[in-house]
Amino acid sequence: MHVARNILAKVPRKLKKDIADEVRSIFYASSRKKAIEFFDDFKSKWDNELPSAVKCLERSLDSCLTYLSFPEEEWICLRTTNVIERVNKEFKRRTKPMEILAGERSCYTLLAFVCVKMEVHWRKKPIGQVPKNLPFLKKLAEKNFTQSN
């Protein structure tokens, strides 16, 4: 998202929608090869008219496509910064009400506890992954619902 915003900041208003659609097709490609193909098309189409936007994307392309090296079911949570932002929000929520901490070490202990707690939660409910038993639960709910009526 941040890279896309940086790119769009270098684009005239009348072209923002077209550029945003093309950048989205690169970031949401089904494979690294396909993403590179989309980028090559983007570069050949816009390099003369918007060289700064193309260079901005080119500089960060490898880091933005790193998630494609992982299994596909993990792409959703790796493609975004939502997890990091959630951790930072939780840190702020836990430390803001405290006027004074007993020291640097106690602050680190508190933040480590928050991290461990969130890790346990994420292991129970993986982000971006559909539970394998979801279709079973849907069938079970439909079965029980039709029997009770």
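These numbers come from a predicted model, not from an experiment.

Q: Help me out: how do you make sense of the side chain of Glu90 in this one?
A: One can find Glu90 in helix H6 (residues 82-95). Excluding its chain neighbours within four sequence positions, the residues that come into contact with Glu90 are Val114 and Met118.

Q: Which parts of the structure should I look at to understand the layout of surface pockets?
A: The calculated volume of the largest pocket comes to roughly 610 Å³. Put simply, the parts of the chain that give the lining of the largest pocket at least two residues each are helix H1 (2-8), helix H2 (16-27), helix H4 (51-64), helix H5 (75-79) and H6. For the lining of the largest pocket, the residue count by class is 14 nonpolar, 6 polar and 3 charged.

Q: Would you mind showing me how to read the environment of Arg86 here?
A: Within the fold, Arg86 resides in helix H6. Separated by 32 residues in sequence, Arg86 and Met118 place their C-alpha atoms 9.5 Å apart.

Q: Explanation requested: the pattern of salt bridges in the structure shown.
A: Per the counting criterion, the structure on display carries 9 salt bridges. Across the pair Asp21 and Lys17 runs a salt bridge whose closest N-O atoms are separated by 3.3 Å. With Asp21 and Lys17 both in helix H2 and 4 residues apart, this pair spans about one turn of that helix. Residue classification places Asp21 among the partly exposed residues on the basis of a relative accessible area of 33%. Given a relative accessible area of 60%, Lys17 falls into the exposed group.

Q: Honestly, the nonpolar core in this entry has me stumped. Any pointers?
A: Proteins that are soluble and globular tend to have nonpolar side chains buried together. Grouped together as the largest cluster of nonpolar side chains are 25 residues, with contacts concentrated most on Ile7, Ile19, Ile26, Phe27, Phe42 and Leu57. A per-element tally of this core places H4 first, with 6 residues. Setting aside residues no more than four positions away along its own chain, Ile7 makes contact with Ile19, Val23, Ala53, Cys56 and Leu57.

The rules behind each value
- Residues numbered from 1 in each chain as written.
- Predicted model: local features only at pLDDT ≥ 70, side-chain atom pairs only at ≥ 80, totals over all residues.
- Heavy atoms only, no water.
- Helix = DSSP H or I, 4+ residues; strand = E, 2+ residues; numbered from the N terminus.
- Contact = heavy atoms within 4.5 Å.
- 1 Å grid on protein atoms, 1.4 Å probe; cavity = no way out; pocket = protein on both sides within 12 Å on 5 of 7 lines; lining within 4 Å.
- Points joined across faces, edges and corners; volume = space filled by probe spheres on them.
- Nonpolar A, V, L, I, M, F, W, Y, C, P; charged D, E, K, R; others polar.
- Salt bridge = Lys/Arg side-chain N within 4 Å of Asp/Glu carboxyl O.
- Buried < 20%, exposed > 50% of the residue type's maximum accessible area, 1.4 Å probe, protein only.
- Core = buried A, V, L, I, M, F, W, Y, C linked by side-chain atoms within 4.5 Å.

Note that every value here comes from positions in space, so none of it alone points to a role or purpose.
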